[in-house]
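So you can see what is in the structure, the chains are spelled out below.
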Amino acid sequence: MNLKISIAHLYPGLLNLYGDRGNIITLLRRCEWRGIETEFEEINPGDKIYGHDLYFIGGGQDKQQVEVASELFRQKDNLTDQRDEGAVFLGICGGYQLMGHYYQPFEGDRLNGISLLDAYTVAGKKRFIGNVTAETDFLTLKTLVGFENHSGLTYLQGKTLPLAEIITGNGNNGIDKTEGARYKNVFGTYLHGSLLPKNPHFADYLIELALEKRYGEKIELKQLDDKLELQTHYSLVNKAY
Ligand code: GLN
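Report on the accompanying structure. Fair warning: this is a prediction, and the values are worked out from it, not measured in the lab. (Residues numbered from 1 in each chain as written. Predicted model: local features only at pLDDT ≥ 70, side-chain atom pairs only at ≥ 80, totals over all residues. Heavy atoms only, no water.)

1. Examining the overall build of the chain
Then, in step 1: The helix and strand tally for the chain stands at six helices and twelve strands.
Then, in step 2: Against the globule reference of 18 Å for 241 residues, the chain gives a C-alpha radius of gyration of 17 Å, in line with a compact fold.
Then, in step 3: Viewed in the frame of its principal axes, the chain has a C-alpha envelope of about 50 × 40 × 30 Å.
Then, in step 4: For the chain, the proportion of contacts with a sequence separation of at least 24, taken over those separated by at least 6, is 70%.
Then, in step 5: Carbon and sulfur atoms make up 50% of the accessible area of the chain, which totals about 10500 Å². (Helix = DSSP H or I, 4+ residues; strand = E, 2+ residues; numbered from the N terminus. Rg over C-alpha atoms; globule rule 2.2 N^0.38 Å. Contact = heavy atoms within 4.5 Å. Areas by Shrake-Rupley, 256 points an atom, 1.4 Å probe, with all protein chains shown as cover.)

Written out as structure tokens, the structure reads:
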């Protein structure tokens, strides 16, 4: 069977801090290296967000989040339907914050989120900047590594679970030792870097979910030679903050 997944990059011209585009490149390459066909679309302001298996949204400054927030909010119902039909979402930092109920910047009006995650974010006085190591309870290789740079403090509630538990760094709010969030196939994280090139196991996990959503069955991915990626990963585990 010729496998295919469709991937969308949401608002790359507005939310794309610290090389977050590297996450899209990783997803596309790891599919192509396995002979999985990919359809790719950049979603820009005014575009309808529809018909993809996997959606990615990067991080950004408060200013850029204002425009993206109103774009997303207009399509909240459609995005909620897609979440409930199993579409995969990955949001980094500013994009992650907008997947919750709201983001209250330090200055300016509260930004409505699209509530794909039962979470909310309020900007604090202190910026969290540095390396992060966190431990998941659902990935084969448990650790995730990355770099955080945010003032937003995110709090999870209801059935939304943390993506991982903080080992080094601050994560969601520097208090409850949680990092990121997940609910159904929606994943949010503060880990820039970009995240997926040095966490190939998480990239593959997302690709498998997208395939399962499209074909209605679990499809095991062929193993790749991740020697370089894993060398990078382990060099960053517990890297000093
Ligand atoms: N502007 C948001 C904050 O400062 C998100 C920053 C980011 O995406 N790195 O928390």
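Past the structure itself, the notes keep going.
2. Let's talk about the site of the ligand
Then, in step 1: Taken together, 17 residues sit near the ligand, with G60, D62, Q65, C93 and H192 positioned nearest.
Then, in step 2: Within the side chain of Q97, a nitrogen or oxygen atom sits 3.0 Å from an oxygen atom of the ligand.
Then, in step 3: Surface burial for the ligand is 98%, taken as the share of its 300 Å² of free accessible area covered by protein chains.
Then, in step 4: Among the elements that line the shell around the ligand, the one with the most residues is strand β8 (residues 143–156), at four residues.
Then, in step 5: When the residues that make up the shell around the ligand are grouped by side-chain class, the tally is four nonpolar, eleven polar and two charged. (Near = heavy atom within 4 Å. Polar contact = N/O pair within 3.5 Å; in protein donor to acceptor, adjacent residues only side chain to side chain. Nonpolar A, V, L, I, M, F, W, Y, C, P; charged D, E, K, R; others polar.)

3. Quick word on the environment of Q223
Then, in step 1: Residue position: Q223 is located in the loop between α5 (200–215) and α6 (227–236).
Then, in step 2: Take Q223: its relative accessible area is 67%, and that puts it in the exposed class.
Then, in step 3: A sequence separation of 19 residues divides Q223 from D204, and the C-alpha atoms of the two residues are 9.4 Å apart. (Buried < 20%, exposed > 50% of the residue type's maximum accessible area, 1.4 Å probe, protein only.)

4. Notes on the packing of helix α1 (residues 21–32) against α5
Then, in step 1: Where α1 contacts α5, the two axes come as close as 10 Å, and the packing angle between them is 70 degrees. The angle between the axes of α1 and α5 places the two elements in the roughly perpendicular class. Residues T26, L27, R30 and C31 of α1 form the contact with α5, whose own contacting residues are P200, A203, D204 and I207.
Then, in step 2: Grouping the amino acids of the contact of α1 with α5 by side-chain chemistry returns five nonpolar, one polar and two charged. (Axes fitted to C-alpha atoms, helices over the stretch in contact; angles between N-to-C directions. Parallel < 35°, antiparallel > 145°, perpendicular 65-115°, else oblique.)

5. Structural notes on the sheet that holds strand β3 (residues 54–57)
Then, in step 1: In spatial order, the strands read β2-β1-β3-β4-β12-β11; together these six strands make up an open sheet with mixed pairing. Each edge of the sheet is formed by a strand with only one pairing partner; in this case those strands are β2 (37–43) and β11 (181–183). Across the sheet, the mean angle separating the axes of adjacent strands is 15 degrees when strand polarity is ignored.
Then, in step 2: Pairing analysis gives four bridges linking β3 to strand β4 (residues 88–92), with the strands arranged parallel. In the sheet register, L54 faces β4, and the bridge partner there is V88.
Then, in step 3: Against the sheet, helix α3 (residues 76–84) contacts β3, β4, β11 and β12 (186–189), and its axis sits at roughly 120 degrees relative to β4. (Pairing = 2+ DSSP bridges.)

6. Here's the deal with the environment of K218
Then, in step 1: Counting through the fold element by element, K218 comes out in the loop between α5 and α6.
Then, in step 2: C-alpha of K218 to C-alpha of E208: the two residues are ten residues apart in sequence and 7.1 Å apart in space.
Then, in step 3: For K218, the side chain forms a polar contact with the side chain of E208, separated by 3.4 Å.

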